[in-house]
Amino acid sequence: MNAIQGLRPEKLRELVLLILIALVLIVFSSVIENYLNARLFNRVSASVALMAVLAIGQTMVVLTRNIDLSVGSIVGFTAYFVGHQLSQYGDMHPMLAIFLAVGVGTLMGGINGILVAYCRIPSIIVTLGTMALYRTLLVEYSDAKTVLTVNLPRWLLDLPSLNLISFDRLHLRVLVVGMIVVVILFQIVLKYTSFGRKLYAIGSNPEAAKMAGFANQRMVLTAFLLCGALAGLTGFMFLARFGNITVVAGIGFELKSVAAVVVGGVNIFGGSGSAFGAFLGAVLIDLLENSLIRWLQISEFWRDALLGLLILISVATDSVIMKRFQLYWARKQARSSPET
Amino acid sequence: MTQALKEMSLELFSGEIHALVGENGAGKSTLIKILTGIHKPDDGEMMFSGNGVQMNSSQEAQALGIAAIYQEPMVFPDLDVAENIFISHRKRGIWVQWEKMYDDAHKILSDLGMILDVRAPASGLTLASQQAVEIAKAISLNVKVLIMDEPTASLSNHEVEQLFKVARKLKQENVAVLFISHRLDEVFEIADRITVLRDGEHISTRSVEEFSREQLIREMVGREVDQFYATRQKKKLGKRVLSVKKLSKEAAFTGIEFDLHQGEVLGFAGLVGSRRTDVGLALFGIHPNDSGVIELDGQKVSIRSPKAAQNLGIAYMTEDRRKLGLAMPLSITSNITLPSLKRYLGRFGLVRTESEKSTAEEFKNRLHIKTPNLAHEVGKLSGGNQQKVMFSKWLNTQPKVFILDEPTRGIDVGAKAEVHNMIRELADQGMAILCISSDLPEVLAMSDRVLVMREGRQMGILDGPQATQESIMSLAMGELQESA
């Protein structure tokens with residue numbers, strides 16, 4: 001019992017996820033020939049790179065008891081917008097392109113945040129609306145044309161295959177490293193800064209947070225700004241990875257990011273969860289998807305069903321685990337307090 | 001609007017425990033909200049350590065060193081104990097130093113004599129431990145005035161002792177403690193001075209030695225005997241309709257026993273937290289009892305749902321119009337016929353609106369509901385008229401037993417008198433009425449007998465002349481064990 005003494009629910013969840021990921025690897029390597037190879041790693045990591053960054057943005061929002069359904073449209077819009085700019089001004093500095101993507105995303109997140117925090121409209125309504133609005137903005141702006149790989153600058157096209165470190169055929173690519181930096185950065189922000197802890201506090205008990213004198217509204221706005229910024233960054237990564245950007249870019253990312261967050265143990269009612277958990281959630285989802293496709297050749301619809309199932313299972317187990325956990329703490333406390 | 005507080009004066013000294021007592025609605029909560037900066041007073045001034053202060057928010061009160069803990073602690077359930085203690089600290093920098101925080105939290109708690117795992121999430125703590133966390137938080141913020149608002153209401157005896165130890169310790173450290181409780185024993189045990197409030201006014205402040213219990217109760221209730229008193233007369237009661245024996249529900253009430261006769265009004269009196277409403281909810285099947293016997297017309301019945309209760313001829317009028325009572329956006333007519341809609345169904349199961357309307361018309365005239373027309377949205381009526389609609393709605397189910405929960409809450413004096421007349425009329429017609437009310441003069445005026453509850457227990461049933469404001473309050477505050 002002592003081993004799990006210092007464990008918070010989110011730590012326990014991370015542990016469970018690691019075990020699950022290992023289980024998936026073991027199970028599939030026994031049914032698929034030559035499953036564990038460099039290609040699997042490269043493929044899954046390339047896809048997780050995008051989803052994990054997006055999911056961490058989503059995590060910030062979900063921690064405050066909100067949700068952002070517009071992230072898919074933000075990804076699509078920034079990808080197209082930056083791609084369009086780059087195909088016109090090919091000599092733009094790479095850093096400027098990234099700043100542009102993050103800036104546009106932040107702006108869109110800011111609109112969400114202001115509507116939610118200051119106009120007091122429920123986030124699910126606001127972001128359902130902006131999801132459609134941002135998407136339509138993309139359609140209008142693009143005039144239904146496509147950003148083509150041939151028009152993009154060389155450095156961008158080389159980015160996804162740029163390796164920082166390689167072990168044999170196992171490549172640690174620059175986008176993946178970027179994602180790892182984001183994960184570590186936000187893990188630190190959430191765990192070790194007073195801003196991060198207040199984010200948990202607000203989601204955990206908004207009333208008490210107000211009494212404690214926190215600027216709840218500003219905190220919620222900040223969460224949406226960060227989510228938008230990370231969605232913008234994801235948009236840039238999306239552009240780098242795929243090159244050809246159409247008006248449907250990023251559709252479905254909102255659901256997938258929520259799935260990663262929830263599977264990663266972030267409480268959909270706010271107050272608990274971690275950046276690392278969201279990352280693990282993204283890994284598990286992508287790994288399962290990739291493996292199932294290779295094993296059963298399942299269709300895209302089945303992938304959606306799988307996502308849905310994973311969300312249901314993790315929310316259900318969440319409430320069961322939490323109850324167990326609380327019972328455990330209560331008992332422990334009862335034992336340690338002196339009897340009369 | 002009625003005034004919640006009138007020319008209230010209160011002096012708190014450092015190093016004293018000052019008890020604040022008063023019955024429901026005496027103005028204690030309002031006073032606390034003003035002291036903690038949640039509400040602003042319309043008039044008057046506040047001095048803190050000799051300086052005049054104005055507080056515009058709870059943060060400003062905290063900055064001065066005024067903190068409050070409540071019966072239901074305001075913790076962050078997902079954060080651990082140490083974080084809960086330190087989350088409001090501004091001067092600890094941007095970075096969280098976890099180990100230092102755990103050490104500091106441990107030190108504060110052990111100074112208080114509390115043993116708690118500082119790494120445990122607050123959600124798993126008992127209420128008493130959560131309160132300890134709140135107190136530790138207040139101390140760490142250098143509290144000078146600590147307000148304890150009915151902190152003992154949900155604690156066990158042992159936990160109350162623990163809390164008192166902490167309170168005495170704070171007193172030694174020159175903190176001023178304002179202690180609010182409905183338990184007289186506790187007040188006399190812990191307080192140095194006592195202030196009595198009644199109807200929003202300051203009645204008296206004296207040291208605890210200068211108060212006798214009888215005098216304290218007298219000052220709490222001692223208002224003029226009002227006109228309703230005279231109209232109460234001894235009636236001959238009809239046959240027994242409802243009989244309840246050893247009715248209990250875990251974590252709510254236990255050992256409730258009474259008989260209710262035709263034409264009788266049985267008053268339910270008690271202070272906040274006496275669990276009277278829970279008895280009503282159990283009899284109406286919303287939160288059914290765990291054990292005990294309910295007999296209706298001599299037949300043993302089991303009431304597991306509101307539907308079952310209605311079929312047996314029981315109606316319950318809630319104290320919470322907005323949440324449980326009325327469908328605010330619907331019309332008066334729809335609200336009145338809602339529980340008995342079955343009677344209005346015609347061919348193909350469609351509602352016969354004509355007969356609905358005539359029913360509504362009938363009640364409008366009978367209860368004097370003031371409205372331009374019956375299609376009017378209920379949410380737009382005055383409180384008194386809403387109450388009448390709620391009355392109509394349940395009368396229309398033609399109940400044998402009518403449970404009224406705070407029938408005159410939030411309505412004006414005129415409407416109040418009308419409601420009182422209505423209750424009397426119904427009883428005269430032979431209905432058995434159970435009337436839960438926090439308004440002592442009302443209980444006395446309406447009831448043939450008064451059942452007094454305290455913290456989920458039945459303290460006694462007072463009959464006719466035995467029932468006075470003083471005798472009810474004594475029982476409600478746990479003074480007498482059982483009346484004759």
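What you see is a predicted model; the values in this text were computed from it and never measured. Here the residue numbering is sequential within each chain, running from 1 through the sequence in written order. Think of it this way: whatever chain is written first is A, whatever ligand is written first is 1, and the rest follow in order. In keeping with the predicted nature of the model, local features appear solely for residues at pLDDT of at least 70, side-chain atom pairs appear and are counted solely at 80 or more, and the whole-chain, interface and lining totals rest on all residues.

Undergrad: Would you mind showing me how to read the overall build of chain B here?
TA: Each helix and strand in chain B was counted, giving 18 helices and 18 strands. In terms of its C-alpha atoms, chain B occupies a principal-axis envelope of roughly 75 × 55 × 45 Å. By residue count, 44% of the 484 residues in chain B fall in the buried class. Within chain B, residue pairs in contact and separated by at least 24 positions form 68% of the contacts whose partners lie at least 6 positions apart. Counting from the N terminus, the helices are the DSSP runs of H or I reaching at least four residues and the strands are the DSSP runs of E reaching at least two. Neighbour density around each residue's C-beta defines its exposure: 20 or more other C-beta atoms within 10 Å make it buried, 12 or fewer make it exposed, and counts between make it partly exposed, where C-beta atoms are placed from the backbone. In this description, any two residues whose backbone-derived C-beta atoms lie within 7 Å of each other are considered to be in contact.

Undergrad: When you look at the interface of chain A and chain B in this model, what are you seeing that I'm missing?
TA: Often, the extent of an interface is quoted as the loss of accessible area upon association of its parts. Contact with chain A, which involves 24 residues of that partner, is made by 26 residues of chain B. Mapped by element, the contributors of at least two residues to the side of chain A that touches chain B are helix H8 (194–204), helix H9 (206–211) and helix H13 (300–336) of chain A. A breakdown of the residues in the side of chain A that touches chain B according to their chemical character gives eight nonpolar, 13 polar and three charged. In the scheme used here, Gly and all other residues not listed as nonpolar or charged are polar, with Ala, Val, Leu, Ile, Met, Phe, Trp, Tyr, Cys and Pro taken as nonpolar and Asp, Glu, Lys and Arg as charged.

Undergrad: Is there a simple way to think about the sheet that holds strand E5 (residues 145–149) of chain B in this case?
TA: Whether parallel or antiparallel, the strands of a sheet pair through hydrogen bonds between backbone atoms. All names here are of chain B. Ordered by their spatial adjacency, six strands build an open sheet running E4-E5-E6-E1-E7-E8, and the pairing between neighbours is mixed. Among the strands making up the open sheet, the edge pair consists of strand E4 (66–70) and strand E8 (201–207). The sheet shows a mean angle of 20° between the axes of neighbouring strands, direction not considered. Two strands pair if DSSP finds at least two bridges between them. Two elements, E4 and E5, share five bridges in a ladder whose sense is parallel. Bridge pairing in E5 links Ile69 to Met148. With axes taken as lines fitted to C-alpha atoms, and helix axes fitted only over the stretch in contact, angles between N-to-C directions fall between 0 and 180 degrees. Against the sheet, helix H1 (residues 28–35) engages strand E1 (17–21), E4, E5, strand E6 (176–180) and strand E7 (193–198), with an angle of about 150° to E5.

Undergrad: Any chance you could explain the nonpolar core here in plain terms?
TA: Side chains of nonpolar character tend, in soluble globular proteins, to be buried together. To define a nonpolar core, we join buried Ala, Val, Leu, Ile, Met, Phe, Trp, Tyr and Cys residues through C-beta atoms within 7 Å and take the resulting set. Counting residues in each nonpolar core, the largest one holds 232 residues, and the members touching the most others are Ala52(A) and Ile403(B). The greatest single-element share of this core, amounting to 17 residues, is contributed by helix H10 (residues 216–242) of chain A. Domain delimitation follows an automatic or database domain assignment. In this structure, this core is formed jointly by two domains, domain 1 (17–221) and domain 2 (228–476) of chain B, each of which donates at least three residues. What Ala52(A) contacts, discounting residues up to four positions off in sequence, is Met179(A), Val183(A), Ala278(A), Phe279(A) and Ala282(A).

Undergrad: Sorry, what's going on with the packing of helix H2 (residues 38–63) of chain A against helix H12 (residues 275–296) of chain A here?
TA: Two packed helices can be described by the angle between their axes and the distance between those axes. Residues and elements named next belong to chain A. One can describe the packing of H2 onto H12 by two numbers: an axis separation of 8 Å at closest approach and a directional angle of 140°. Taken together, the axes of H2 and H12 are oblique relative to one another. The handedness of the crossing between H2 and H12 comes out as right-handed. Contacts between H2 and H12 pair Leu40, Arg43, Val44, Ser47, Val48, Met51, Ala52, Ala55, Ile56 and Thr59 from the former with Ala275, Ala278, Phe279, Gly281, Ala282, Val283, Asp286, Leu287 and Asn290 from the latter. Residues of the contact of H2 with H12, tallied by class, amount to 13 nonpolar, four polar and two charged. Oblique is the label for every angle not falling under 35 degrees (roughly parallel), over 145 degrees (roughly antiparallel), or within 65 to 115 degrees (roughly perpendicular). Should the near helix be turned anticlockwise from the far one by less than a right angle, the crossing is termed left-handed; should it be turned clockwise, right-handed.

Undergrad: In this structure, what is going on with unusual backbone geometry? I would like to understand it.
TA: Of all residues except glycine, most have a negative phi; of all peptide bonds, most are trans. Residue and element names in this part refer to chain B. For Arg275, which is not a glycine, the phi torsion comes out positive at approximately 75°. Tracing the backbone through its elements, the reader meets Arg275 in the loop between strand E11 (265–269) and helix H10 (276–283). Take Arg275: there are 23 C-beta atoms within 10 Å of it, and that puts it in the buried class. Within the chain, Glu406 stands out as a residue other than glycine whose phi angle is a positive 45°. Relative to the helices and strands, Glu406 resides in the loop between strand E15 (401–405) and helix H16 (413–428). The exposure class of Glu406 is buried, given the 21 C-beta atoms found within 10 Å.

Undergrad: Quick question: what am I supposed to make of the pairing of strand E14 (residues 314–317) of chain B here?
TA: Look at any regular strand and the pattern is simple: side chains alternate between the two faces of the sheet. All names here are of chain B. Residues Ile314 and Tyr316 of E14 are buried on one face, and the alternating residues Ala315 and Met317, pointing to the opposite face, are buried as well. Relative to E15, E14 is paired through four bridges, and the arrangement is parallel. From the neighbouring strand, Tyr316 faces E15, where its bridge partner is Ile403.

Undergrad: Could you clarify how one ought to interpret the pairing of strand E2 (residues 170–173) of chain A in this entry?
TA: Residue and element names in this part refer to chain A. The sheet contact formed by strand E1 (residues 163–167) and E2 spans four bridges and is antiparallel. For Ile165, the partnering residue across the bridge sits in E2 and is Leu172. Connecting E1 to the next strand, E2, in antiparallel fashion are two residues, including Asp168 with a positive phi near 55°.

Undergrad: Explain the confidence of the model for chain B to me, please; I cannot follow it from the model alone.
TA: Predicted coordinates in areas of low pLDDT are best not read in detail. Residues and elements named next belong to chain B. pLDDT expresses, on a scale from 0 to 100, how confident the predictor is about each individual residue. Within chain B, residue pLDDT values average 86, and 95% of them lie at 70 or more. Taken as a whole, residues 225–230 scores under 50 in pLDDT and shows six contacts with residues more than four places along the chain or in a different chain. Scored by ipTM, the complex comes to 0.80, with pTM at 0.77.

Undergrad: In this structure, what is going on with the environment of Val351(B)? I would like to understand it.
TA: Its place among the elements puts Val351(B) in the loop between helix H13 (332–337) and helix H14 (353–367). Sequence spacing of Val351(B) and Leu341(B) is 10 residues, and the spatial spacing of their C-alpha atoms is 7.7 Å.

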